[in-house]
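Here is how the chains run, residue by residue.
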Amino acid sequence: MRKEFRAEKAAIPQVHDFVRSTLEANGVQGVSRDDLVLACDEAATNIVEHGFTGKSGMTNGDPHFILALNCRQNRVTATFFDSGAKFDPRTAALPDFRKNLAGERRGGYGVYMIRRLVDKIVYSARRRLNITRLVKEVSG
């Protein structure tokens, strides 16, 4: 299954619903489903909030991203395609928990959560296209 979304905050609930319903239709339930839904929510949020924010020409164009879900017997792959700013989630620093708790810094947990929720992250950038693939081994 493949679906295109506008790169705006209002699209995040749509991503959530698309992922959840596609996984359920393919028999992915429980923790595996919930992990993938949350990981895709976080990835989509990062694309919207960081990939296109401040990017020149954003308001003149039609910023969007595509999410493709591939459900196999024991593996689900969620692949995001976007033309926002390049960002390799595999190289993101761990969040500084102490600074967050002390109120010195907010956020920084999205990529950390994605890493904890999926088994593998694959990233590539080709010309102006970012491709971020989240792979999760599932049971059942």
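The shown structure was predicted, so the numbers you read here are calculated from the model rather than taken from an experiment.

How each quantity is defined
Residues numbered from 1 in each chain as written. Predicted model: local features only at pLDDT ≥ 70, side-chain atom pairs only at ≥ 80, totals over all residues. Heavy atoms only, no water. Helix = DSSP H or I, 4+ residues; strand = E, 2+ residues; numbered from the N terminus. Areas by Shrake-Rupley, 256 points an atom, 1.4 Å probe, with all protein chains shown as cover. Pairing = 2+ DSSP bridges. Axes fitted to C-alpha atoms, helices over the stretch in contact; angles between N-to-C directions. 1 Å grid on protein atoms, 1.4 Å probe; cavity = no way out; pocket = protein on both sides within 12 Å on 5 of 7 lines; lining within 4 Å. Points joined across faces, edges and corners; volume = space filled by probe spheres on them. Phe/Tyr/Trp six-rings, centres within 6.5 Å; stacked < 30°, edge-to-face > 60°. Parallel < 35°, antiparallel > 145°, perpendicular 65-115°, else oblique. Left-handed = near helix turned anticlockwise from the far one by under 90°. Contact = heavy atoms within 4.5 Å. Nonpolar A, V, L, I, M, F, W, Y, C, P; charged D, E, K, R; others polar. Buried < 20%, exposed > 50% of the residue type's maximum accessible area, 1.4 Å probe, protein only.

K.L.:
Can you help me understand the overall build of the protein in this one?
P.N.:
Broken down by element type, the protein carries four helices and five strands. When its helices and strands are written in sequence order, the protein yields β-α-α-β-β-α-α-β-β. Accessible surface, the protein as shown: approximately 8500 Å² in total, 48% of it carbon and sulfur.

K.L.:
Explain the sheet that holds strand β2 (residues 64–71) here, please?
P.N.:
The strands that make up a sheet are held in pairs by hydrogen bonds between backbone atoms, and each pair lies either parallel or antiparallel. Strand order across the open sheet formed by five strands is β1-β2-β3-β5-β4, with antiparallel pairing between neighbours. Unpaired on one side and paired on the other, β1 (2–6) and β4 (120–126) mark the two borders of the sheet. This sheet shows a mean twist of 15° between the axes of neighbouring strands, independent of strand direction. Pairing of β1 with β2, which is carried by five bridges, proceeds in the antiparallel orientation. Residue pairing across strands places arginine 6 opposite histidine 64, the latter belonging to β2.

K.L.:
Would you mind showing me how to read the layout of surface pockets here?
P.N.:
Empty space among the atoms becomes visible once a probe the size of a water molecule is rolled across them. Volume-wise, the largest pocket comes out at about 620 Å³. Lining the largest pocket are 31 residues, with Asn46, His50, Phe87, Gly110 and Val111 positioned closest to its centre. Taken together, the elements giving at least two residues each to the lining of the largest pocket come down to α2 (30–51), α4 (110–117), β4 and β5 (129–137). For the lining of the largest pocket, the element with the highest residue contribution is α2, accounting for eight residues.

K.L.:
Please clarify how the packing of aromatic side chains should be interpreted in this entry.
P.N.:
When we look at a pair of aromatic rings, we describe it by the centre distance and by the angle of the planes. Applying the stated criterion across every chain yields a total of three aromatic pairs. Put simply, the rings of Phe5, Phe18, Phe65 and Phe80 touch in pairs and so form one group of aromatic residues.

K.L.:
Just to check I follow, could you spell out the packing of α2 against α4 for this structure?
P.N.:
Helix-helix packing: each pair is described by the crossing angle between the helix axes and the interaxial distance. Packing of α2 against α4 brings their axes to within 9 Å, and their N-to-C directions diverge by 150°. Overall, the two elements α2 and α4 adopt an arrangement that is roughly antiparallel. As for how α2 packs across α4, the hand of that crossing is left-handed. Contact residues: Asp35, Leu38, Ala39, Glu42, Ala43 and Asn46 in α2; Gly110, Val111, Met113, Ile114 and Leu117 in α4. Across the contact of α2 with α4, the residue classes break down as seven nonpolar, two polar and two charged.

K.L.:
Explain the pairing of β5 here, please?
P.N.:
On a regular strand, one side chain projects to one face of the sheet and the next to the other, so that they alternate. In the sheet, strand β3 (residues 75–82) pairs with β5 via eight bridges, with the strands oriented antiparallel. Looking at the pairing, arginine 75 lines up with glutamate 137 of β5. With seven bridges connecting them, β4 and β5 associate as antiparallel partners. Note on β5: the bridge partner recorded for arginine 126 is leucine 129. Taking the residues that link successive antiparallel strands as the turn, the β4-β5 hairpin has two residues, and the phi of arginine 127 there is positive, at about 55°.

K.L.:
So what exactly am I meant to see when it comes to the side chain of lysine 136 here?
P.N.:
Summarising the element assignment, lysine 136 is placed in strand β5. We classify lysine 136 as buried; its relative accessible area is 11%.

K.L.:
Could you clarify how one ought to interpret the environment of valine 111 in this entry?
P.N.:
Considering the arrangement of structural elements, one finds valine 111 in helix α4. By relative accessible area, valine 111 is classed as buried at 9%. Along the sequence, valine 111 and glutamate 42 sit 69 residues apart, while their C-alpha atoms lie 7.4 Å from each other. With residues up to four places along the chain from it excluded, the contact list for valine 111 reads Asn46, Phe87, Pro89 and Ala92.

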